[in-house]
Amino acid sequence: MTSLLRQTTAGLRVLLVLTVLTGVLYPLSVWLVSRLPGLHHQAEGSVVSVDGRAVGSDLIGVDLVPADPVHDPWFHTRPTTITDTTTSGASNKGAGDPDLLAAVAERRDAVARREGVDPAQVPADAVTASASGLDPHISPAYAQLQAPRVARETGVPVETVRGLIREHTTGWFSAVNVLGLNLAVRAAAGGAN
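What counts and how
- Residues numbered from 1 in each chain as written.
- Predicted model: local features only at pLDDT ≥ 70, side-chain atom pairs only at ≥ 80, totals over all residues.
- Heavy atoms only, no water.
- Pairing = 2+ DSSP bridges.
- Helix = DSSP H or I, 4+ residues; strand = E, 2+ residues; numbered from the N terminus.
- Contact = heavy atoms within 4.5 Å.
- Axes fitted to C-alpha atoms, helices over the stretch in contact; angles between N-to-C directions.
- Salt bridge = Lys/Arg side-chain N within 4 Å of Asp/Glu carboxyl O.
- Buried < 20%, exposed > 50% of the residue type's maximum accessible area, 1.4 Å probe, protein only.

1. What about the sheet that holds strand 3 (residues 137–138)?
- The three strands are arranged 3-5-4 in an open sheet whose pairing can be described as antiparallel. With one partner strand each, in any of the chains shown, strand 3 and strand 4 (169–170) form the two edges of the open sheet.
- Where strand 3 and strand 5 (residues 175–177) come together, two bridges link them in antiparallel fashion. Each bridged residue has a counterpart across the sheet, and for His137 the counterpart in strand 5 is Asn177.
- Lying over the sheet, helix 6 (residues 178–188) contacts strand 3 and strand 5, oriented at roughly 60 degrees with respect to strand 5.

2. Considerations on the pattern of salt bridges
- Tallied over the entire structure, the rule returns three salt bridges.
- When the shortest N-O distance is used, the salt bridge between Arg149 and Asp72 registers 3.8 Å. Here Asp72 lies in the loop between strand 2 (53–57) and helix 3 (98–115) and Arg149 lies in helix 4 (residues 140–154), a separation of 77 residues in the sequence.
- Judged by its relative accessible area of 4%, Arg149 falls in the buried class.
- The partner of Glu115 in a salt bridge is Arg114, and the shortest N-O contact between them spans 2.8 Å.
- You can call Glu115 buried: its relative accessible area is 11%.

What follows is the structure, encoded as structure tokens:
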């Protein structure tokens, strides 16, 4: 009986210590580290604000909705099937899945129509989702494909739009942050759209 009582007491002490360590001290230390200068922006979702109003995130790619569906002045992100941005993940379909192939063909045709080009000119990232389904970046090729439409719809000269694409192309893998690019185009257009 004494042995059982000692084991129970020891088990309860271990439970209490681990609860305090993993349930209180560890989350508190993570929260405190997130408050360090330079980390706060990332810890709060990397929200981008313009004139005190949140317009998006540096980390989550979301297409801006045009005020007039006939005139679309925005660069578009990669496609996604995710409707709830609190979760992420790829589809579970293989490269030969008929549903995936049909969706990619449909997307390719839609992008080609929107941009006024041959479907063969549409880059792969315009029709395929990233692994997370929330990638905020597109390839420079996809951005350049959209440049004439964006220039036409915003009134910003196409060479200026192409220059903004170059300015917003970063990283060793050459990617364009769509939100940053859209905000730069909006500013170049005088804040309209």
